[in-house]
Amino acid sequence: MFLPDSEEPVVVREFAPVMENVAAVSGDGMDILILQEDGTLWLAPYREDLLAVDFREPERLLDDVVSCSRGTAIRRDGTLYAWGRNDYGQLGTEPDEDYHETPQRMAEHVRCAVMNQRSLTYLTEDDQVYTVGWNFVSSIDGVTDWGEPCDEHGQAPCYLPHQMIVENAAED
């Protein structure tokens, strides 16, 4: 990794400080997300050319952030932002092979979110679950309730956030 004062990548055998006033850290693929106590979200990028995470000049992604995880951040006002790969439409647009470095506004009134390789799922303040991307979905005769054909495994792309119906197993 590259530490803030290093010119060359170093193997760190003991923990080394890289930033102060940190509230949380998270992985974003091979990059590292650093959330400071003041709500500033930083990204320390993985450098493929050097095979190391570069902590020397982290990129400031967003301000006023209260939580973050792989490719997502939620601001204090409940606005969800997402970035990264979009090859399955997980950023809410038609799929493409680009890596989207700029956080994109996805939804409002969000309590928590999780992104995986193929989809983004989030929970709203009114306890509704939404998903976007490639998911297992409910279907009737191989067609989703929004009209997309499912594949033989019951999966279909969903490029606009789609509300999931989550049944409470405790009621049974």
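Criteria and thresholds
Residues numbered from 1 in each chain as written. Predicted model: local features only at pLDDT ≥ 70, side-chain atom pairs only at ≥ 80, totals over all residues. Heavy atoms only, no water. Helix = DSSP H or I, 4+ residues; strand = E, 2+ residues; numbered from the N terminus. Buried < 20%, exposed > 50% of the residue type's maximum accessible area, 1.4 Å probe, protein only. Contact = heavy atoms within 4.5 Å. Areas by Shrake-Rupley, 256 points an atom, 1.4 Å probe, with all protein chains shown as cover. Salt bridge = Lys/Arg side-chain N within 4 Å of Asp/Glu carboxyl O. Core = buried A, V, L, I, M, F, W, Y, C linked by side-chain atoms within 4.5 Å. Pairing = 2+ DSSP bridges. Axes fitted to C-alpha atoms, helices over the stretch in contact; angles between N-to-C directions. Phe/Tyr/Trp six-rings, centres within 6.5 Å; stacked < 30°, edge-to-face > 60°.

**Focus: the overall build of the protein**
Along the backbone of the protein there are zero helices and 16 strands. Relative to its full complement of 172 residues, the protein shows a buried share of 37%. Taking as baseline every contact in the protein between residues at least 6 positions apart, the subset at least 24 positions apart corresponds to 38%. If you sum the accessible surface of the protein, you get close to 10700 Å²; carbon and sulfur atoms cover 49% of it.

**Describing the pattern of salt bridges**
Tallying each qualifying case throughout the model produces eight salt bridges. Where Arg47 meets Asp49, a salt bridge forms, and the shortest distance between an N and an O atom there is 2.9 Å. Judged by relative accessible area, Arg47 falls into the partly exposed class, the value being 25%. The exposure class of Asp49 is exposed, given its relative accessible area of 56%.

**Some words on the nonpolar core**
Ranked by size, the top nonpolar core spans 12 residues in total: Ile74, Leu80, Ala82, Leu91, Met106, Ala107, Val110, Ala113, Met115, Leu120, Tyr122 and Val132. Among the elements that make up this core, the one with the highest residue count is strand β11 (residues 110-115) (three residues). The residues touching Ala113, leaving out its near neighbours within four places in the chain, are Ser69, Thr72, Ile74, Leu80, Leu120, Thr121 and Tyr122. Leu43, Leu61, Leu62 and Val65 belong to the second-largest nonpolar core, a separate cluster that totals 11 residues.

**Topic: the sheet that holds strand β9 (residues 80-85)**
Ordered by their spatial adjacency, four strands build an open sheet running β7-β8-β9-β10, and the pairing between neighbours is antiparallel. Every interior strand has two partners, whereas the edge strands, β7 (65-69) and β10 (99-107), have only one. When strand polarity is set aside, the average angle formed by the axes of neighbouring strands in this sheet is 20°. As judged from the four bridges shared by β7 and strand β8 (residues 72-75), these two strands associate in the antiparallel manner. Of the residues in β8, the one forming a bridge with Val65 is Arg75.

**Overview of the pairing of strand β3 (residues 41-44)**
The alternating pattern of β3 places Leu41 and Leu43 and Trp42 and Ala44 on opposite faces, both of which are buried. Here four bridges tie strand β2 (residues 31-36) to β3, and the two strands are oriented antiparallel to one another. In the strand pairing of β3, Leu33 is matched with Leu43. Hairpin connection from β2 to β3: four residues lie between these consecutive antiparallel strands, with Gly39 at a positive phi of about 95°.

**Things to note about the packing of aromatic side chains**
Under the defined criterion, the tally for this structure stands at one aromatic pair. Arranged with centres 5.5 Å apart and planes meeting at 15°, the rings of Tyr122 and Tyr130 form a pair that is stacked. On the basis of relative accessibility, which here comes to 6%, the residue Tyr122 falls in the buried class. Residue class for Tyr130 comes out partly exposed when judged on its relative accessible area of 22%.

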